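For reference, the chains in residue letters:
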Amino acid sequence: MAEDELAAFRECWKEELTSNKEDQPLVCAPSSSLDVCVQAGQNDFKNRYFEDLNNLNKACSPSQSEEGGCIEDEACAGGVENAAAESEDQPEYVAIARSLLDGRTSPLLDRIQEERTRRKRQYQNMTNACSASLQQLQQQQPKRKVKKDEELLDLLIQDLNEVNDIPFFDIELPYELALKIFQYLNSTELGRCAQVSRAWRVLAEDSVLWFKMCTGEGYHQDASVSDSPCWKSTLRDCRNSAKTVRSNWKNRVGSISQLQFELGKVLCDVSSCDNFVLAGYTSGDVRLWDTLNWDSTASYLKINSLSANTEPRPYVRYVQVNSTVAAATYEDGCVDLWSTETGGEPLLHYQNTGRIQALALSPDSPVLCSAAGPDVRLDCADDRGYWRTVCQARLPKTVESLVLVPGRGQQCPLAALVAEEAVYLLDPREEQPRTLHSVYGHPVTCLDASDSHVALGVKRTGWAMYDGGNKIHVYSLETGKPVACVGDSLGDFTCINLRDSPPHLLVCGNKDRRVRVFDLRAGSSVASLYAHHLGVTSVQADDWKIVSGGGEGLVCVWEMRMGAKLWEMHNRHPVRHVRFNTSTLVTANIPDDKSPRGACITDDDLTAHRRHRGVICHYDFSEDALSQDHILPICRSDYIESSGYNYNIGLAVPYDRLAGSHPSH
């Protein structure tokens, strides 16, 4: 406490003691016995001086003081029992002092309770010793007055100061061990612990704790502890940003851009990964966009000389992209692979004798797999960046689709392939592909794989349709055994997303117009949404939302828990590609007809054929998106121009000029 408050407290205490002394007779006791008791109370039981003072007041009656008698043991015992009752008449600040001396405000209640029990036991032992000494010295020592009031006041102040001296576990334990205990607390509990004491605040605000919490929630996965001066503030900013992005998703607040390449004619296929978007066109061109750097020179990818010199140039059939490489296949069986950093000439080029039926690129490693008829080829890059063929196999039937298992890293690549009603696993370490699933007469309609499981949609025919309809089978890659069988639909499953779904969840689309989410642990349906009247063509989900695309051209965003549609966007042609991350969404409407009537590139008016080309839309819901970009592109026409080229909008009289010529202006 401050000096002036301490002086005022002393004066108040002296006045209280003076008033009590005038009302009560003088308390006397044998001098030697009082020396023993007071000395013991000062050394071991400083917080029990109220009980000692009351005991002495009760021990000596007025008659004993006049006759010179001494304190009896029975009086001392009675004073101890009645101390609690008489303490109610004490002033309010005395009750506060008692609570502070008892440690009621300390957070270590269990430890203080044990200390209080130990002190009570020692106090009883010392009381018995004092009583015995009083009996021995009763007849030998003269009476003397009790200690001065100033000494009792100093004792109270000293006890008040010792309340903050209770040791905490972080002082007694090593700092690393205390930090190990604190790492099991969440952010709310750490904030409460920081309010206990300065020592706990140092532990609760340790950078290592908040760094682990930040990376554990998915933020700054590639960062180190030294990258931020305050990881607590970094985590708070990341949470606020994530909250804003989620609100933008729900309210469709963000910028919308259309990725166009007019010289490419009709859009054939689209793939996206992270900030890269890859598109192939009927003109044979392949275009790469970097959404973080729109002026990147890697946007222009040169095709191989064989396809470039062919007239007419072959269409692009499939494209795939990840964070390091991009690949494309052509109608003539050629395969090209480029670097996303440098672009330019292909890093790898080869040609198959037949038409490419399927192409897959690992999402997290440089591994490429292609299938032409029943022949499968697997290529990967070594440590020096040189590409080589690691496996070539031939299946009994034509390969219809394939996927590469993600998360393999430095392990040997693994591919899952569909050949009519059979599913195979291709491992370069094995001589022949291993059969994972095969049921005669029940073809596989869709396929996807995660790092530990493979999911496939099976179309049942004949009498099997009366046994629950079409199903989705999930197999374990480690054991090769089925782990789940979900679904009960009369329509064919058209798309499955297991790789990007939350843990233990699977999202799929069906021709019966519904989007379904299944829990693989319970084998039950979590959500079933009536989405698209022409069937679901693509779908993806995370922990709270679902994005689906349909054959009618609609892109719908759903809230998973409530099963409610948040918003939708429509474009011509079926939605063949849907991919989103935390703050961006990429959709592609790809035409089924690659050679529409009147789509010749030599026509004068290119805008007449825009409805045939397809469209790629890039949505950005990040919090730093400009407010003017929140408007749809069709609403951003420039009134200065006499005609809107992109949308065939003719503005005879610009609205702003008309308003400026009004007399009132």
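Just so we're clear, the structure is a prediction, and the values are computed from it rather than from any experiment.

1. Observations concerning the overall build of the protein
Logical step 1: Broken down by element type, the protein carries 18 helices and 36 strands.
Logical step 2: Across the 665 residues in the protein, those meeting the buried criterion constitute 46%.
Logical step 3: Summarising the internal contacts of the protein: among those between residues at least 6 apart in sequence, 47% fall at separations of at least 24.
Logical step 4: Just so you have it, the protein exposes about 35,600 Å², and 49% of that area is on carbon and sulfur atoms.

2. What to know about the nonpolar core
Logical step 1: Ranked by size, the top nonpolar core spans 20 residues in total, and within it Val 376, Leu 402 and Leu 417 carry the most contacts.
Logical step 2: Among the elements of the structure, strand 12 (356-361), strand 13 (367-372), strand 14 (375-381), strand 15 (387-394), strand 16 (401-404), strand 17 (415-419) and strand 18 (422-426) are those that each provide at least two residues to this core.
Logical step 3: Among the nonpolar cores identified, the runner-up in size contains 17 residues, and Val 245, Trp 544, Val 555 and Met 569 belong to it.

3. Side note on a nonpolar patch on the surface
Logical step 1: A contiguous nonpolar surface patch, about 230 Å² in accessible area, is contributed by Leu 173, Leu 177 and Ile 181.
Logical step 2: Along the polypeptide, Leu 177 turns up in helix 11 (residues 175-182).

4. Focus on the packing of aromatic side chains
Logical step 1: For the structure shown, the criterion picks out 8 aromatic pairs.
Logical step 2: Note on Trp 567 and Tyr 619: the rings are 6.0 Å apart at their centroids and 45° apart in plane angle, and the pair reads as tilted. Within this pair, whereas Trp 567 is found in strand 31 (residues 564-570), its partner Tyr 619 is found in strand 34 (residues 615-620), the two being separated by 52 residues in sequence.
Logical step 3: Seen from their ring centres, Tyr 619 and Phe 621 are 6.3 Å apart, and the 5° between their planes marks the pair as stacked.

5. Examining the sheet that holds strand 33 (residues 584-589)
Logical step 1: Here 4 strands make up an open sheet; going across it, the order is 3-34-33-32 and the pairing antiparallel. Single-partner strands in this sheet number two, and they are strand 3 (255-259) and strand 32 (575-580). Across the sheet, the mean angle separating the axes of adjacent strands is 15° when strand polarity is ignored.
Logical step 2: In this structure, strand 3 lies alongside strand 34, joined through 5 bridges in antiparallel fashion.

6. A short note on the sheet that holds strand 18
Logical step 1: Spatially, 16-17-18-19 is the arrangement adopted by the 4 strands of the open sheet, whose pairing is antiparallel. The sheet terminates laterally at strand 16 and strand 19 (434-438), the two strands that pair on one side only. Looking at each pair of strands side by side, their axes are set apart by 20° on average, direction ignored.
Logical step 2: Looking at chain direction, strand 18 and strand 19 are connected through 4 bridges and run antiparallel. Among the inter-strand pairings, Leu 425 is bridged to a residue of strand 19, identified as Arg 434.

7. Focus on helix 15 (residues 231-251)
Logical step 1: The terminal C-alpha atoms of helix 15, which comprises 21 residues, lie 30 Å apart, in line with the 30 Å expected from a rise of 1.5 Å per residue.
Logical step 2: Downstream of helix 15 by a residue or two, Arg 252 has a phi angle that is positive, lying close to 55°.

8. Describing the pattern of salt bridges
Logical step 1: Considering all chains together, one arrives at 21 salt bridges under this definition.
Logical step 2: Between Asp 500 and Arg 579 there is a salt bridge whose closest N-O contact spans 2.2 Å. Of the two residues, Asp 500 sits in the loop between strand 24 (493-497) and strand 25 (505-510) while Arg 579 sits in strand 32, which places them 79 residues apart along the sequence.
Logical step 3: By sharing partners, the salt bridges in this structure join Arg 201, Glu 205 and Lys 232 into a single network.

9. What about the pairing of strand 25?
Residues in a regular strand project their side chains so that they alternate between the two faces of the sheet.
Logical step 1: Strand 25 sits mainly inside the fold: 6 of its 6 residues count as buried.
Logical step 2: Here strand 25 shows two buried faces, one formed by Leu 505, Val 507 and Gly 509 and the other by Leu 506, Cys 508 and Asn 510.
Logical step 3: In terms of strand pairing, strand 24 meets strand 25 through 4 bridges, oriented antiparallel. What sits directly across from Cys 495, in strand 25, is Gly 509.
Logical step 4: As paired elements, strand 25 and strand 26 (residues 514-519) share 5 bridges and run antiparallel to each other. Paired with Gly 509 across the two strands is Val 515, which belongs to strand 26.
Logical step 5: In this antiparallel pair of consecutive strands, strand 25 and strand 26, the connection spans 3 residues, and Arg 513 shows a positive phi of 80°.

10. Some points on the pairing of strand 4 (residues 267-273)
Logical step 1: By the criterion of burial, strand 4 is predominantly enclosed, with 7 of the 7 residues buried.
Logical step 2: Taken together, the 6 bridges between strand 4 and strand 5 (residues 276-281) define a ladder with antiparallel strand orientation. Counterpart to Asp 269 in the pairing with strand 5 is Gly 280.
Logical step 3: Between strand 4 and strand 5, which pair antiparallel in sequence order, lie 2 residues; one of them, Asp 274, sits at a positive phi of approximately 55°.

11. Considering the side chain of Asp 336
Logical step 1: Along the chain, Asp 336 turns up in strand 10 (residues 334-339).
Logical step 2: We note that Asp 336 is buried and unpaired, the nearest opposite charge coming from Arg 313 at a distance of 8.7 Å.
Logical step 3: At 3.4 Å, the side chain of Asp 336 forms a polar contact with the side chain of Tyr 330.
Logical step 4: Within the structure, the side chain of Asp 336 is placed 2.7 Å from the side chain of His 349, a separation counted as a polar contact.
Logical step 5: Apart from the residues within four sequence positions on either side, Asp 336 is in contact with Ile 303, Asn 304, Ala 326, Ala 327, Ala 328, Tyr 330, Pro 346, Leu 348 and His 349.

12. Examining helix 11
Logical step 1: Considered for burial, the residues of helix 11 that qualify are Ala 178, Leu 179 and Phe 182. Axial view of helix 11: buried residues confined to an arc of 100°, hence all on one face.

13. Digging into the state of the cysteines
Logical step 1: Summed over all chains, the structure comprises 0 disulfides.
Logical step 2: Sulfur of Cys 412: no disulfide; nearest cysteine sulfur belongs to Cys 380 and is 7.7 Å away.
Logical step 3: Looking at Cys 412, the relative accessible area reads 19%, which means it is buried.

14. A closer look at the side chain of Asp 620
Logical step 1: Note on placement: Asp 620 falls in strand 34.
Logical step 2: Residue Asp 620 is classed as buried on the basis of its relative accessible area of 19%.
Logical step 3: For Asp 620, the side chain forms a polar contact with the side chain of Ser 622, separated by 2.9 Å.

15. Regarding the environment of Trp 231
Logical step 1: Inspection of the secondary structure assignment puts Trp 231 in helix 15.
Logical step 2: Measuring from C-alpha to C-alpha, the distance between Trp 231 and Phe 211 comes to 5.6 Å, with 20 residues separating the pair along the chain.
Logical step 3: Beyond its immediate sequence surroundings of up to four residues, Trp 231 is in contact with Ser 207, Trp 210, Phe 211, Cys 214, His 220, Ala 223, Ser 224 and Val 225.
Logical step 4: Within the structure, the side chain of Trp 231 is placed 2.8 Å from the backbone oxygen of Val 225, a separation counted as a polar contact.

16. As for the packing of helix 14 (residues 207-216) against helix 15
Logical step 1: Where helix 14 contacts helix 15, the axes come no closer than 8 Å and their chain directions differ by 25°. Classified by the angle their axes make, helix 14 and helix 15 are roughly parallel. For the pair helix 14 and helix 15, the crossing hand works out as left-handed. Packed against helix 14, whose contacting residues are Ser 207, Trp 210, Phe 211, Met 213 and Cys 214, the element helix 15 presents Trp 231, Lys 232, Leu 235 and Arg 239 at the interface.

17. Thoughts on the environment of Thr 291
Logical step 1: Looking at where Thr 291 falls in the secondary structure, it is placed in the loop between strand 6 (286-290) and strand 7 (300-301).
Logical step 2: The spacing of Thr 291 and Asp 274 is 17 residues in sequence and 9.0 Å in space, taken between C-alpha atoms.
Logical step 3: Residues within four places of Thr 291 in sequence aside, it is in contact with Asn 275, Val 277 and His 618.

Criteria and cut-off values
- Residues numbered from 1 in each chain as written.
- Predicted model: local features only at pLDDT ≥ 70, side-chain atom pairs only at ≥ 80, totals over all residues.
- Heavy atoms only, no water.
- Helix = DSSP H or I, 4+ residues; strand = E, 2+ residues; numbered from the N terminus.
- Buried < 20%, exposed > 50% of the residue type's maximum accessible area, 1.4 Å probe, protein only.
- Contact = heavy atoms within 4.5 Å.
- Areas by Shrake-Rupley, 256 points an atom, 1.4 Å probe, with all protein chains shown as cover.
- Core = buried A, V, L, I, M, F, W, Y, C linked by side-chain atoms within 4.5 Å.
- Patch = residues over 30% accessible without salt bridge, like charges linked within 9 Å, V, L, I, M, F, W, Y side chains within 5 Å.
- Salt bridge = Lys/Arg side-chain N within 4 Å of Asp/Glu carboxyl O.
- Phe/Tyr/Trp six-rings, centres within 6.5 Å; stacked < 30°, edge-to-face > 60°.
- Pairing = 2+ DSSP bridges.
- Axes fitted to C-alpha atoms, helices over the stretch in contact; angles between N-to-C directions.
- Expected span 1.5 Å × (residues − 1).
- Lys, Arg positive; Asp, Glu negative; His and termini not counted.
- Polar contact = N/O pair within 3.5 Å; in protein donor to acceptor, adjacent residues only side chain to side chain.
- Arc of directions from axis to C-beta.
- Disulfide = S-S within 2.5 Å.
- Parallel < 35°, antiparallel > 145°, perpendicular 65-115°, else oblique.
- Left-handed = near helix turned anticlockwise from the far one by under 90°.

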